[in-house]
Amino acid sequence: QVQLVESGGGLVQAGGSLRLSCAASGRTFSNHVMAWFRQAPGKEREFVAAISRSAEYIYYPDSVKGRFTISRDNAKNTVYLEMNSLKPEDTAVYYCAARLGVVTDVETGYNYWGQGTQVTVSS
């Protein structure tokens, strides 16, 4: 079992930055692929970023590439999402997710989820 707790969300103006954190319980964090997803009101949850166990593979969709950076600290059991040049369309609840196996951008491939943290970008 892996329990995930996100933090760092909030209200920011367009063009601003936020750093999300996701703290994981358990001693097997380093065995898990970690990812961030987001869900805006009335929309389906979408992939934001994923990072392999030792950070050798990192993936982003085009919508956030160049603006968002995912990283992890296996010693602290934490994954981060640095978000820069934020846009109003980035407004969503951001979820941290974990899985064993290979990196994927498919939501159903992740077994463990946090409760989410709200990010609101004002124009």
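Check the entry above for the structure.
Parameters and conventions
- Residues numbered from 1 in each chain as written.
- Predicted model: local features only at pLDDT ≥ 70, side-chain atom pairs only at ≥ 80, totals over all residues.
- Heavy atoms only, no water.
- Disulfide = S-S within 2.5 Å.
- Helix = DSSP H or I, 4+ residues; strand = E, 2+ residues; numbered from the N terminus.
- Buried < 20%, exposed > 50% of the residue type's maximum accessible area, 1.4 Å probe, protein only.
- Contact = heavy atoms within 4.5 Å.
- Pairing = 2+ DSSP bridges.

This part covers the state of the cysteines. For the coordinates displayed, the defined rule picks out 1 disulfide. A sulfur-sulfur distance of 2.1 Å marks the disulfide that ties Cys-22 to Cys-96. The sign of the -80 degrees torsion about the S-S bond sets the Cys-22-Cys-96 disulfide as left-handed. Taken together, the residues span a long stretch of sequence, with Cys-22 in strand β3 (residues 18-24) and Cys-96 in strand β9 (residues 92-99) at a distance of 74 residues. Classification of Cys-22 as buried rests on a relative accessible area of 0%. In this structure Cys-96 comes out as buried when scored by relative accessible area, which is 0%.

To continue, consider the environment of Ser-71. With respect to the helices, strands and loops of the structure, Ser-71 is situated in strand β7 (residues 68-73). For Ser-71, a relative accessible area of 29% corresponds to the partly exposed category. Between the C-alpha atom of Ser-71 and that of Gln-39, which follows or precedes it by 32 residues, the distance is 21 Å. Setting aside residues no more than four positions away along its own chain, Ser-71 makes contact with Ile-51, Thr-78, Val-79 and Tyr-80.

Burial analysis of β3 places 5 of its 7 residues in the buried class, which makes it a mostly covered element. Judged from the 4 bridges that link them, strand β1 (residues 4-7) and β3 form a sheet pairing that is antiparallel. For Ser-7, the partnering residue across the bridge sits in β3 and is Ser-21. Bridge analysis of β3 against strand β8 (residues 78-83) gives 6 bridges, and the strand direction is antiparallel. Residue Leu-20 lies in a different strand from β8, and its bridge partner there is Leu-81.

So, on to the environment of Val-119. Here Val-119 lies in strand β11 (residues 117-122). C-alpha of Val-119 to C-alpha of Ala-92: the two residues are 27 residues apart in sequence and 5.5 Å apart in space. Ignoring anything within four residues of it in the chain, the contact list for Val-119 reads Gly-9, Gly-10, Leu-18, Leu-20, Met-83, Asp-90, Thr-91, Ala-92 and Tyr-94.

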